[in-house]
Every structure is written in structure tokens, then in C-alpha cells.
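# Architecture and fold: a report
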Amino acid sequence: MTDRLNKYLSETAVASSEDEADIDDNDTCAAHELSAKFRFHYPQDEASLSLKRDYVLGLCADKGFTCIAAGLSNTSVKIYDLNASGLLTAVHQDRVPSVESLDTEVTICGVRFLDDSANTLLVGTTNGLVRLLDLRIKGIQAQFEYKSDAQEGLPPVPKTISCFDRNANSRIICCGTEQHMGNAYMVFFDVRERRQLGIYEDSHDDDVTSVLFHTSNPDLLCSGSTDGLINVFNIQESEEEEALLNTINTESSVHRLNWHRNEKGQDLISCITHTNDYMSYECQEGDEILSFNRSKITAGILRQNAGNFNLINAHNLSDGSVFLLAGTNHNRGEVLRSVVVPARKTLEPLTNFVGNKQIVRDSLYDANQNLLVTGGESGIITVWSSDNSNTKSSSNLKSKSKAAKSHKKNPY
């Protein structure tokens, strides 16, 4: 990790676990004002994935938003059908085996459906593996792991991967690695031919924390790192130098990237940093479009203490705007809210998610149904809706796993 990120993680007041003491925090307005500013959503359904409350570190959904996969810190993956009413049903409970490893630090680094269907799932773990599973049958269909080969010009790279993604035509997988001897790597695999393709080794010099293919262009890829850089690539080019289209310096440490599109049809990249700031950039030129630091977003969700703030994700709304999902660690994540990021650079209150039971780590959003799915540190996945008539009480939560809790040193 960079000195900048290490210093932040050691000194900042932001808690990364429910075990840490609460920081004093309150709303900046009265309850009736809160009701006037936010619309309210409630848990439509919830499922507890582990008796030991293993963290939910990764979520993905199929194209129709009818199937949800949740990856846990103990490397297990739970699959749920999601019906039109927003209710969850556990399925395929025996289809994704946990990773057997003597290394207790091995955990999930991502889950991703391979294509538009809910039949094939990619599961990444930090020990360097991406497994391909067909959920209709038992067994692993393929396993992608980088192998160095001096004769083929393939140098040694770190065993640990921190993130991965597949491209829009489901042909290519890209994995980001931790820093190793001054370099961090991006490793590519061909899904259909079950082989490794090569690496990028010169574009980042610290841990690659996010790799994300464009949602419709299979050749467009962005990557982010704790070195503060966002790189944009055209992977059709055979050489890394020619593939690199643009480099953006966030002057921070990149945690999460997302693709968006503005009203002009231009591709935008948004960045959430490890210091809980938000920036967005025009993809081709790299111009900064918007920037909000953690204090401004904290004020946007009408909370007092930026030291208690946690910026979770950025999602696209049906009208083309973007909303930020944010919470606090107060009362074990009780406060969960969202704000809209409009073009005029003013954060507007959007939704107050009432009844949250955990510090949220990941989220999914379907604009067609206006459904949000969250997962977090208590091992719960929650489906949020504006209709609370079918809301299940916490007493109805059923644990689906008895795995032991993974103690992860760095939550990111």
C-alpha cells in the first residue's frame, strides 16, 4: 500500500468494523425536515447468509435483475432468486464450493455473472483464482490462474489478486494484482479458449483496486489503483503502450470505479476514493466533471460528522443522473441514505433507507424496478423498496451458513 493510504487507514476515524466504538453523530435537521427532504424506502426482504456474520464483500445480478449472487469473506457464495415483488428465494446452495486454503486471509474479491443469463458465474478469490461455474450442474467448469513462463516472456506476478471483471461479450477476463517489486499487474484470460493472454505491467505502480470493462464496448477497460491513477485502455491493441488511451490522476487512492453516460452520450468514469471522496471524469479527455469531498457528501445526507461517513457506491438512475449511496458507522450502520448528483454540481437528498442493520459494503441497483440490494458486515443482503407492506421483520431472517467469520486486516 502507499504511505498515503496507510496513513489514512491508521489515523482516520472511519470505522471498518461493527466492533469499533461509535463516534458521536446526529442529523443536521429535525425529523419532520428529514421526512420532507427524503423519500423513504424500507426492507422489502432480507436474508442472513451466515451465523457468524461473515462480511458480504461482493454482489452481482443477472441482466434481468432476477438472480443475485453474494460473495462472502469466507469465500462462500450464496445465490438467490429475486421475484417481481422484491422477495428472495435461496437457490443453488451446493453449486459454489468454498476455497480450501491454509491461508486464513484468502477471501472473495468479486462475483460476476459471465453473460446476460443467470446460469454461469465467475468467482474471484484473493489467492489468485477466478473460477467459472455452471449453476445448473455441480463442479467447476474452468479455473483461471496466472502461470509465469520465462520462455514465453511471462514474468512472475503476485499470487494475490484484488479485483477482476469480464468484458461485454463475455470473452475476456481481466484481473488486477497487488504491488510486487515496484509494479502492479493486470492479467488477461480468454474465457472460451481457457488460456491466459498476457499482462499489462507498466501502467500502475501500486495495488490495482478496481478493473471495470465498459458495459457495452467489449474493448474499453478502465483501472484504478492506490497509486491514485485511473487508466483507460483499448484492449484491441496488442501492446500495452498503444492500448493506453488516457491516464487520470485523482491525487488520492482509488477504491471503486463505475461507468456512466451524460446527456450528450459521452462516457464518464466515476471514482470513489479510500478517503470517501467522489470524482467523475470524461473518459476520452480525462476532464474532471464533478468532485465532492466526504464533508460535502456528509452534509448532503444531512449528517454532522464526516469522520463517521462511508461512501459505498454510485448508481445510474433511469433519467441518466447518478446517485451516491452513503452511510455512517453510527449504531452499526443504522443510517443509510442517498443523494442525487445532478449536472449543476449540487447534491440533492434522494432516499432514506429506514431499518438498515449493518455497515454496508456493496450494493446493486435496478433502475427499471427502482430496487436497491445491499450487503455488508453483518452478512445480510437486503432488498429495498418504497413499499413497506411486504416488509419482513428481522425475526424472520434465516441464516444460510455456519462458516466462521474471516478477520480481514484491510476492509478494502
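Residue positions are given per chain, counted from 1 along the sequence in the order it is written. In keeping with the model being predicted, local features are shown solely for residues with a pLDDT of at least 70 and side-chain atom pairs are shown and tallied solely at 80 or more, while totals for entire chains, interfaces and linings include all residues. The side-chain numbers reported here are obtained from all heavy atoms of the structure, hydrogens and water having been left aside.

Note on conventions: DSSP H or I runs of at least 4 residues are helices, E runs of at least 2 residues are strands, and numbering of each starts at the N terminus. For the protein, the count of helices and strands is 4 helices and 28 strands. Accessibility here uses a 1.4 Å probe with only protein chains present; expressed as a share of the type maximum, an area under 20% marks a residue as buried, one over 50% as exposed, and anything in between as partly exposed. Across the 412 residues of the protein, 57% fall into the buried class. Note on definitions: a residue-residue contact is assigned when non-hydrogen atoms from the two residues lie within 4.5 Å. Put simply, of all contacts in the protein between residues at least 6 apart along the chain, 53% involve residues at least 24 apart. Working note: accessible area of the protein is about 17800 Å², and carbon and sulfur atoms make up 43% of it. Note on areas: Shrake-Rupley, 1.4 Å probe, and residue coverage restricted to the protein chains presented here.

Right, let's get into the sheet that holds strand β21 (residues 288–292). Within a sheet, adjacent strands bond to each other through the backbone by hydrogen bonds, running parallel or antiparallel. When DSSP locates at least two bridges between a pair of strands, those strands are taken to pair. Within the open sheet, the 4 strands sit side by side as β18-β19-β20-β21. Their pairing is antiparallel. Since the sheet does not close on itself, it has two edges, and those belong to β18 (254–261) and β21, each with one partner. Going across the sheet, the axis of each strand differs from the next one's by a mean of 15°, ignoring polarity. Here 7 bridges tie β18 to strand β19 (residues 267–273), and the two strands are oriented antiparallel to one another. Here an angle of 0 to 180 degrees is reported between the N-to-C directions of two axes, which are lines fitted to C-alpha atoms, with helices fitted over the stretch in contact.

Only a pair of cysteine sulfur atoms within 2.5 Å counts as a disulfide in this structure description. Applying the stated criterion across every chain, the model contains 0 disulfides. No disulfide involves cysteine 60; its nearest neighbouring cysteine sulfur is the one of cysteine 67, lying 7.9 Å away. Distance from the sulfur of cysteine 283, which forms no disulfide, to the nearest cysteine sulfur (cysteine 222) is 7.7 Å. Residue cysteine 283 is classed as buried on the basis of its relative accessible area of 2%.

Our next topic: the side chain of serine 223. Following the sequence through the fold, serine 223 ends up in strand β15 (residues 220–225). Relative accessible area serves as the criterion here: at 0%, serine 223 is assigned to the buried category. At 2.8 Å, the side chain of serine 223 forms a polar contact with the side chain of histidine 204. Non-local contacts of serine 223, meaning those with residues more than four positions away in its chain, are made with Met186, His204, Ser210, Val211, Leu229, Ile230, Asn231, Phe233 and Leu257. In protein, a polar contact means a hydrogen-donor-capable atom and an acceptor-capable atom, both N or O and within 3.5 Å, with residues adjacent in sequence counting only if both atoms are side-chain atoms; elsewhere, any N or O pair within 3.5 Å suffices.

For the rest of this paragraph, the subject is the packing of aromatic side chains. Here the aromatic set is Phe, Tyr and Trp, taking the six-membered ring for Trp, and pairing holds for ring centres within 6.5 Å; pairs whose planes are under 30 degrees apart are stacked, those over 60 apart are edge-to-face, and all others are tilted. Under the criterion given, the structure shown has 5 aromatic pairs. Ring geometry for phenylalanine 188 against tyrosine 200: centres 4.7 Å apart, planes inclined by 65°, an arrangement best described as edge-to-face. Remark: tyrosine 200 occurs in strand β13 (residues 195–204) and phenylalanine 188 occurs in strand β12 (residues 184–190); sequence separation between them is 12 residues. For tyrosine 200, a relative accessible area of 7% corresponds to the buried category. Between tyrosine 200 and phenylalanine 233, the aromatic rings sit 4.9 Å apart at their centres with planes inclined by 35°, giving tilted as the arrangement. Of this pair, tyrosine 200 sits in strand β13 while phenylalanine 233 sits in strand β16 (residues 229–234), and the two are 33 residues apart along the sequence. The pair formed by tyrosine 200 and phenylalanine 233 is uniform in burial state, with each residue classed as buried. Ring pairing ties together the aromatic residues Phe188, Tyr200 and Phe233, which thus form one cluster.

For this analysis, a salt bridge means a side-chain nitrogen from Lys or Arg found within 4 Å of a carboxyl oxygen belonging to Asp or Glu. As enumerated under the stated definition, the model contains 15 salt bridges in all. Here aspartate 190 and arginine 171 are joined by a salt bridge, their closest N and O atoms 3.0 Å apart. Here aspartate 190, found in strand β12, pairs with arginine 171, found in the loop between β10 (161–166) and β11 (172–177); they are 19 residues apart in sequence, far enough to count as distant. Taking relative accessible area as the criterion, aspartate 190 reaches 4% and is therefore assigned buried. Looking at arginine 171, the relative accessible area reads 24%, which means it is partly exposed. Note that arginine 171 is salt-bridged to glutamate 193, the shortest N-O span being 3.4 Å. Placement of the pair is arginine 171 in the loop between β10 and β11 and glutamate 193 in the loop between β12 and β13, with a sequence separation of 22 residues.

Turning our attention to unusual backbone geometry. Negative phi is the rule for most residues except glycine; trans is the rule for most peptide bonds. Even without being a glycine, serine 170 presents a positive backbone phi close to 60°. Phi angles above zero are rare outside glycine, and arginine 332 is one such case at about 55°. By the element assignment, arginine 332 lies in the loop between β23 (322–328) and β24 (336–341). Residue classification places arginine 332 among the partly exposed residues on the basis of a relative accessible area of 45%.

As a further point, take the confidence of the model for the protein. pLDDT runs from 0 to 100 and stands for how confident the predictor is about each residue. On average, residues of the protein score 87 in pLDDT, and 86% of them are at 70 or above. Contacts of residues 1–17 to residues separated by more than four positions or lying in other chains number 40 contacts, the stretch itself having pLDDT below 50. Here residues 398–412 is modelled with pLDDT under 50, and outside its nearest four sequence neighbours on either side it reaches 47 contacts, counting other chains as well.

This paragraph deals with the pairing of strand β25 (residues 348–353). The pairing of strand β1 (residues 39–48) with β25 spans 3 bridges and is classified as parallel. When the sheet's bridge partners are listed, arginine 39 is paired in β25 with threonine 351. Here 4 bridges tie β24 to β25, and the two strands are oriented antiparallel to one another. In the sheet register, valine 340 faces β25, and the bridge partner there is glutamate 348.

Turning next to the side chain of aspartate 227. Mapped onto the secondary structure, aspartate 227 falls in the loop between β15 and β16. One polar contact links aspartate 227 to histidine 204, side chain to side chain, over a distance of 3.2 Å.

As summarised here, the arrangement of the 4 strands in space is β2-β3-β4-β5, forming an open sheet in which the pairing is antiparallel. Each having just a single partner strand, β2 (56–61) and β5 (88–91) make up the two edges of the open sheet. Averaged over all pairs of adjacent strands, the angle between their axes in this sheet comes to 30°, without regard to strand direction. Relative to strand β3 (residues 67–72), β2 runs antiparallel, the two being bridged by 5 bridges. Each bridged residue has a counterpart across the sheet, and for cysteine 60 the counterpart in β3 is alanine 69.

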